[in-house]
Amino acid sequence: MFKRWNLQNADRKTVYMISLISIILLVVVVVVIALVAQDLEKRSQTLGAYGDLSQRFGEVPAVEYKGGFYRPYEKLTTILVIGVDRYSSQTNLGVTYRNGGQADYLELLVINEETQTITPILIDRDTMTKITILGVLGDETGTRVVQICLSHGFGDGKEQSCLLTVRAVSWLLNDIDIDYYISMDMDGIPALNDVLGGVTVTLEDDFSALDPAMTLGTTLTLQGMQAEYFVRGRMYIGAGTNQARMDRQQVFMDALGGKLSQRLGESENAAFINGLLDVLDPYLLTDMSRGRMINEAWNTRDFVQLDPLRLDGEYVNGAYGFKEFHADEDAISDLMMQVFYHPVEPETQS
């Protein structure tokens, strides 16, 4: 009912920082890593396959699902990573409530302290779901089922837009409780790529219309805007679909993980993380403090990354010609049970 991406080049024994980098499109990853460990106060969160089961006090009775019994993990942290399709020059055009930029990249990281694992859930930007609609004065006027990427377009383009996106993802995933968000403008990709010395890739599509050096079959180390073309380009590139772009983004992230692994191996403390955050600061927006991010990134570097999960469903052409992805509701529930619950024996379910 659900699909896994096979990360053939990913080393599952790598440190936590490297694991996250290999699953996130941007250096948002670096921040995400930092967010992994959270206060003991927040350990009482969970998710229900149907509805909101986030209020847990003590051990929750097991639930029966498709003939088996399951109990929720008790030490989970959820972090939504948002890549915003908006150039930084648009950020200060003045506040309206409908020009926040689209959520071009969405990934929910589920940090499991009990198993010391990270499970990324990739969400296609074209996924159809309920989002909040704001009026021209910023007041909520209702909801509408549209592509989830549009959820960020409402609001102020900053915190409000992020919170609206968090709400939309929560609704899509059976009212999951999302602890934190990290947003990054996609035009920060060149800075991320260059600070790590450039990512080397082999081009399986022709980008020569954007850069003459980026021809089909060429292996090159991306520099500057080449990294953004590779990660962000969709229209008139290869198949031109968002699914094809997501595959290309994964190639970039795997290569990025190798670069980060090298840099971390050369570093003896968390200073490298701090310097990386300095470079990315103009492009990032998160509800976590810098000090916590740095400390937790260094202290939680041994978690293991699991293969990314994607929602099962189908793509269709919408009424206005835009691509739509319709997620299978049963598959969503299966995925939620897999990630947020663990099986128990029938005799221990009460």
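Residues numbered from 1 in each chain as written. Predicted model: local features only at pLDDT ≥ 70, side-chain atom pairs only at ≥ 80, totals over all residues. Heavy atoms only, no water.

**A word on the overall build of the protein chain**
For clarity, the cut-off: Under the DSSP-based scheme used, a helix requires at least four consecutive residues in state H or I and a strand at least two consecutive residues in state E, with every element numbered from the N terminus. Think of it in three bands: residues with accessible area under 20% of the maximum for their type are buried, residues over 50% are exposed, and the middle band is partly exposed, with areas taken using a 1.4 Å probe on protein chains only. Here a residue-residue contact requires only that any non-hydrogen atoms of the pair lie within 4.5 Å. Every accessible area reported is derived by Shrake-Rupley at a probe size of 1.4 Å, with residue values counting cover from the shown protein chains alone.
The helix and strand tally for the protein chain stands at 9 helices and 17 strands. For the protein chain, with 350 residues in total, the buried portion stands at 53%. Pairs at least 24 apart in sequence give 68% of the contacts found in the protein chain among residues at least 6 apart. Only carbon and sulfur atoms are counted for the fraction: they give 48% of the accessible area of the protein chain, which is about 15500 Å².

**Thoughts on the sheet that holds strand S17 (residues 341-344)**
Heads up, the condition is: Pairing between strands is defined by DSSP: at least two bridges between them are needed. Only the stretch in contact is used when a helix axis is fitted, and all axes are lines through C-alpha atoms; the angle between N-to-C directions ranges over 0 to 180 degrees.
Strand order across the open sheet formed by 3 strands is S2-S3-S17, with antiparallel pairing between neighbours. Each edge of the open sheet is held by one strand with a lone partner, namely strand S2 (63-65) and S17. Going across the sheet, the axis of each strand differs from the next one's by a mean of 45°, ignoring polarity. Examined bridge by bridge, S2 and strand S3 (residues 68-72) share 3 bridges and lie antiparallel to one another. Within the sheet, the bridge partner assigned to Val63 lies in S3 and is Tyr70.

**Describing the pairing of strand S5 (residues 102-112)**
For S5, the buried fraction is high: 10 of the 11 residues fall into the buried class. Of the strand pairs in this sheet, strand S4 (residues 76-85) and S5 are connected by 10 bridges, and their pairing is antiparallel. Bridging from a neighbouring strand, Val81 pairs with Glu107 of S5. In terms of strand pairing, S5 meets strand S6 (residues 117-123) through 7 bridges, oriented antiparallel. Within the sheet, the bridge partner assigned to Glu107 lies in S6 and is Leu122. Where S5 hands over to S6, the hairpin turn is made up of 4 residues, of which Gln116 adopts a positive phi near 55°.

**Some thoughts on the packing of aromatic side chains**
Selection criterion: Stacked, tilted and edge-to-face are the three classes assigned to paired rings of Phe, Tyr and Trp, where Trp is represented by its six-membered ring and a pair needs centres within 6.5 Å; plane angles under 30 degrees give stacked, over 60 edge-to-face, the rest tilted. Over a ring means this: the NZ of a Lys or the CZ of an Arg is within 6 Å of the ring centre and within 35 degrees of the ring normal.
If you walk through the whole model with that rule in mind, you get 2 aromatic pairs. Ring centres 6.0 Å apart and planes at 35° place the aromatic pair Phe207 and Phe230 in the tilted group. In this pair, Phe207 is assigned in the loop between strand S10 (200-202) and strand S11 (219-221) and Phe230 in helix H5 (residues 225-232), connecting sequence segments 23 residues apart. A residue is classified by how much of its surface remains accessible, and Phe207, at 1% relative accessible area, is buried. If you follow Lys130 out to its NZ or CZ, it ends over the ring of Trp171, 4.3 Å from the centre. A cation over a ring is seen here: Arg248 above Phe230, with NZ or CZ 6.0 Å from the ring centre.

**Structural notes on the confidence of the model for the protein chain**
The condition is simple: Confidence of the predictor at the level of single residues is given by pLDDT, which spans 0 to 100.
With 73% of its residues at a pLDDT of 70 or more, the protein chain shows a mean pLDDT of 77. Scored below 50 in pLDDT, residues 33-57 shows 85 contacts in the model against residues more than four places distant or in partner chains.

**Side note on the pattern of salt bridges**
Note the following rule: For salt bridges, the criterion is a side-chain nitrogen of Lys or Arg within 4 Å of an Asp or Glu carboxyl oxygen.
Tallied over the entire structure, the rule returns 6 salt bridges. Residue Asp126 pairs with Arg125 through a salt bridge whose shortest N-O separation is 3.3 Å. A relative accessible area of 4% places Asp126 in the buried class. Arg125 gets classed as buried once you look at its relative accessible area, which sits at 6%. The salt bridge involving Arg248 is made with Asp205; its shortest N-O contact spans 3.6 Å. Of this pair, Arg248 sits in helix H6 (residues 242-266) while Asp205 is found in the loop between S10 and S11, placing the two residues 43 residues apart along the sequence.

**Overview of H5**
The buried fraction of H5 amounts to 6 of the 8 residues, a majority that puts the element mostly inside the structure. Among all positions of H5, only Gln226, Ala227, Glu228, Phe230, Val231 and Arg232 are buried.

**Section: the environment of Asp206**
Basically, it comes down to this: Here a polar contact is taken to be a pair of N or O atoms separated by no more than 3.5 Å, where protein atoms must pair a possible hydrogen donor with a possible acceptor and residues adjacent in sequence count only if both atoms sit in side chains.
As for its placement among the helices and strands, Asp206 is situated in the loop between S10 and S11. What makes Asp206 partly exposed here is its relative accessible area of 40%. Note: C-alpha distance between Asp206 and Phe230 (24 residues apart in sequence) is 10.0 Å. Beyond its immediate stretch of four places on either side in the chain, Asp206 contacts Met214, Thr215, Leu216 and Ile237. Within the structure, Asp206 has its side chain in polar contact with the side chain of Ser208 (distance 2.8 Å).

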